[in-house]
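Letter by letter, the chains look like this.
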Amino acid sequence: MAKKKQVKEKSIEESLWQSANKLRGSVESAEYKHVVLGLIFLKFASDKFEVRRAQLIEEGKEKYLEMAAFYNEKNVFFLEPSSRWSYIIDNAKQDDIAIKIDTALHQIEKANPSLKGALPDNYFSRLQLDKSKLGALLDTINKIDTQKDEATDIVGRVYEYFLSKFALAEGKGKGEFYTPKSIVNLIAEMIEPYEGIIYDPACGSGGMFVQSIKFIENHNGNKKNISIYGQEYTNTTYKLAKMNLAIRGIAGNLGAVAADTFARDQHPDLKADYIMANPPFNQKDWRAENELTDDPRWQGYETPPKSNANYAWILNMVAKLSDQGVAGFILANGALSGGGEEYKIRKKLIENNLVEAIVILPRAMFYTTDISVTLWIINKNKKAHTRKIGDVERQYRFRENEVLFMDLRQRGIPFEKKFIQFSDENITEITDTYHNWQQVDGNYKDVPEFCASVTNKEIEKKDFSLVPSKYIEFVNRDEQVDYHDKMAELQTTVKSLMQEKAQNDTALAAVFKKMGYEI
């Protein structure tokens, strides 16, 4: 009996994405994501509103049904009748549905000050979407049952899945609003944001904040014990981040408007306990020649060169770390060995004992570029101390004058055919190694082609280069190969191929002969 082919069941995220993406038509992915994610937000806000409304009725408080305060006190957005999902669905096939959606989003933002600047502004009517496609998209979004399982963050999952798929769709040179999930997860597991202030100076769609909250929840922490601060330059991405946080009930200060972190720092006095960031790679001309030359953020260091913002990002984060603060951020590999002002800044960062770990990542992890990148860990407290993270107690050893180098280029698993991501096992291996190195009796050992603990003196001997391959032991596999064994193996393979070719030639000649065309 023929074996029954197993059909893999699609997740709700996959099904929704396929349905929604089919309706895209001629709309660019970069535009379409704001349409889809805006509607997901509207559906989520409306569902939460209806649940709260039903509670008020059940409690005999009908006279308060149209009072915003009775919704806001439960972290629910108040919606006017024409802002509710039911109204939008009832009018989904009307000619003016795009205007109705824009009006609904405008009303929600107006009635809820915490959403100021968060929602798409006249986006739907400006795009002039095909009416039937928009109606069908509304039907697709309508299938998201946000109340199906209250313990599962359905909307958050769908929102994150769609962000990643849009970043994949936009591809090289775009999609910078999204940092691949396994990288964000790795940073969170290494710096362990548990209590205090979290900051991201280039926050994109807010993925670092979402992962921080997940980390706290996974370690039985209280998300009320953290405060979130961020900044984002691109206005549409700023809105994505605000919606991303609102959907998950996370309060955060992303600044009054979207703005350049260097030219208009919206958190000038901030001192953060944790910084997580994936700033733009190798950003050129981030300031004019005579601009920001005496900015307080570079105090004690050279002014970062205008030709590349890498060290401006580093110093911005160093300036905003508290005395106990730790930062994990991604930069292009060029920052590990650049000359000129970059060299002088890097030398001083090492001499000031701020660099804790340099972790080189595999290629093809980012959807926007295939350049090699590095995770930097900067730590302002490398002294011996004890810290509790949920049920875990870490006993850190004194490790000033030391840096851990890690090479992860042999780690990772395939993702979406041409990309690489870390598996859960990879992340456990990497973070265990890092935390073992940090701690007293952590049973850490250097491993060839993976990790090496190096003193500042050794780094000085290499002229303050932070390229991991200068410190991590290399295994020369060629030296371990037996020449005669290898040639014998090759001889067998070639012989087999030649025999196979001869059989094929004979078979082909026989076919032609049978057809009356002997070769």
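Residues numbered from 1 in each chain as written. Predicted model: local features only at pLDDT ≥ 70, side-chain atom pairs only at ≥ 80, totals over all residues. Heavy atoms only, no water.

In the nomenclature of an unreviewed UniProt entry, the protein corresponds to site-specific DNA-methyltransferase (adenine-specific) from the organism Nonlabens arenilitoris. According to UniProt, the comment filed for the protein under the heading Sequence similarities (unreviewed entry) is "Belongs to the N(4)/N(6)-methyltransferase family." Listed under Catalytic activity (unreviewed entry) in UniProt, the entry text for the protein is "a 2'-deoxyadenosine in DNA + S-adenosyl-L-methionine = an N(6)-methyl-2'-deoxyadenosine in DNA + S-adenosyl-L-homocysteine + H(+)". (UniProt positions renumbered as here; feature names shortened; annotations may be inferred.)

**Student:** Looking at this structure, I do not really get the overall build of the protein. What am I missing?
**Tutor:** Helix and strand content of the protein: 16 helices and twelve strands. A total of 519 residues make up the protein; the buried ones form 50% of that total. For the protein, the proportion of contacts with a sequence separation of at least 24, taken over those separated by at least 6, is 71%. Roughly 26600 Å² of accessible area belongs to the protein as shown, and the carbon and sulfur atoms make up 48% of that amount. Positive and negative charge centroids in the protein, built from 71 and 75 side chains respectively, lie 3 Å apart. (Helix = DSSP H or I, 4+ residues; strand = E, 2+ residues; numbered from the N terminus. Buried < 20%, exposed > 50% of the residue type's maximum accessible area, 1.4 Å probe, protein only. Contact = heavy atoms within 4.5 Å. Areas by Shrake-Rupley, 256 points an atom, 1.4 Å probe, with all protein chains shown as cover. Lys, Arg positive; Asp, Glu negative; His and termini not counted. Charge placed at Lys NZ, Arg CZ, Asp CG, Glu CD.)

**Student:** Would you mind going over the pairing of strand 6 (residues 373–379) with me for this structure?
**Tutor:** In regular strands, side chains alternate between the two faces of the sheet. With seven of seven residues buried, strand 6 lies mostly within the body of the structure. Both strand 4 (residues 321–332) and strand 6 contribute to a ladder of seven bridges, which runs antiparallel. If you follow Gly-328 over to strand 6, its bridge partner there is Ile-377. Inspection of the sheet shows strand 5 (residues 355–360) paired to strand 6 by five bridges, in the antiparallel sense. For Val-359, the partnering residue across the bridge sits in strand 6 and is Leu-375. (Pairing = 2+ DSSP bridges.)

**Student:** Can you help me understand the domain arrangement of the protein in this one?
**Tutor:** It is common to report an interface's size as the accessible area lost on association of the parts. Taken domain by domain, the protein holds domain 1 (12–170), domain 2 (181–470) and domain 3 (484–518). Of note, the centres of domain 2 and domain 3, computed from C-alpha atoms alone, are 57 Å apart. (Domains from an automatic or database assignment.)

**Student:** Any chance you could explain the packing of aromatic side chains here in plain terms?
**Tutor:** The relation between two aromatic rings is expressed through the spacing of the ring centres and the mutual angle of the planes. Per the stated rule, a full pass over the model turns up 14 aromatic pairs. Measuring from centroid to centroid gives 4.6 Å for Phe-49 and Tyr-71, while their planes differ by 15°, and the two rings are stacked. Remark: Tyr-71 occurs in helix 3 (residues 69–72) and Phe-49 occurs in helix 2 (residues 29–58); sequence separation between them is 22 residues. Between Tyr-343 and Phe-464, the aromatic rings sit 6.3 Å apart at their centres with planes inclined by 80°, giving edge-to-face as the arrangement. Of this pair, Tyr-343 sits in helix 13 (residues 340–351) while Phe-464 sits in the loop between helix 15 (456–461) and helix 16 (483–514), and the two are 121 residues apart along the sequence. Residue classification places Tyr-343 among the partly exposed positions, given a relative accessible area of 22%. Every member of this aromatic cluster is reached through a ring pair, and the members are Phe-262, Trp-286, Trp-298 and Trp-313. Over the ring of Trp-437 we find Arg-397, and its NZ or CZ is 5.2 Å from the ring centre. The ring of Phe-450 carries Arg-411 above its face, with NZ or CZ at 4.0 Å from the centroid. (Phe/Tyr/Trp six-rings, centres within 6.5 Å; stacked < 30°, edge-to-face > 60°. Lys NZ or Arg CZ within 6 Å of the ring centre and 35° of its normal.)

**Student:** Can you walk me through the sheet that holds strand 3 (residues 272–277) in this structure?
**Tutor:** Strand pairing in a sheet relies on backbone hydrogen bonds. The paired strands run either parallel or antiparallel. Taken together, eight strands build an open sheet; the order of strands is 2-1-3-4-6-5-9-12 and the sheet is mixed. Because the sheet does not close on itself, it has two edges, and the strands there are strand 2 (226–230) and strand 12 (451–455). With strand direction ignored, the average angle separating the axes of adjacent strands in the sheet is 15°. Here helix 12 (residues 310–320) sits on the sheet in contact with strand 1 (196–200), strand 3, strand 4 and strand 6, set at roughly 160° to strand 4. (Axes fitted to C-alpha atoms, helices over the stretch in contact; angles between N-to-C directions.)

**Student:** Where do I start with the side chain of His-219 in this structure?
**Tutor:** Relative to the elements of secondary structure, His-219 occurs in the loop between helix 10 (207–218) and strand 2. The exposure class of His-219 is buried, given its relative accessible area of 19%. Each residue touching His-219, except ones within four places of it in the same chain, is listed here: Glu-189, Tyr-194, Ile-389 and Gly-390.

**Student:** Looking at this structure, I do not really get a nonpolar patch on the surface. What am I missing?
**Tutor:** Taken together, the side chains of Leu-508, Val-511, Phe-512, Met-515, Tyr-517 and Ile-519 make up a nonpolar region of the molecular surface, amounting to roughly 660 Å² of accessible area. Looking at the secondary structure, you find Ile-519 in the segment after helix 16. Judged by relative accessible area, which is 72%, Ile-519 ranks as exposed. (Patch = residues over 30% accessible without salt bridge, like charges linked within 9 Å, V, L, I, M, F, W, Y side chains within 5 Å. Salt bridge = Lys/Arg side-chain N within 4 Å of Asp/Glu carboxyl O.)

**Student:** Looking at this structure, how should I read the pattern of salt bridges?
**Tutor:** When the charged atoms of two side chains with opposite charge come close together, those side chains can pair. Summed over all chains, the structure comprises 20 salt bridges. Lys-61 serves as the salt-bridge partner of Glu-59, at 3.3 Å between the closest nitrogen and oxygen. Notably, a salt bridge pairs Lys-501 with Asp-505, separated by 3.2 Å at the nearest N-O pair. Of this pair, Lys-501 and Asp-505 both sit in helix 16, four residues apart, which is roughly one turn of the helix. Taken together, the shared-partner salt bridges connect Asp-265, Asp-295, Arg-297 and Lys-320 into one network.

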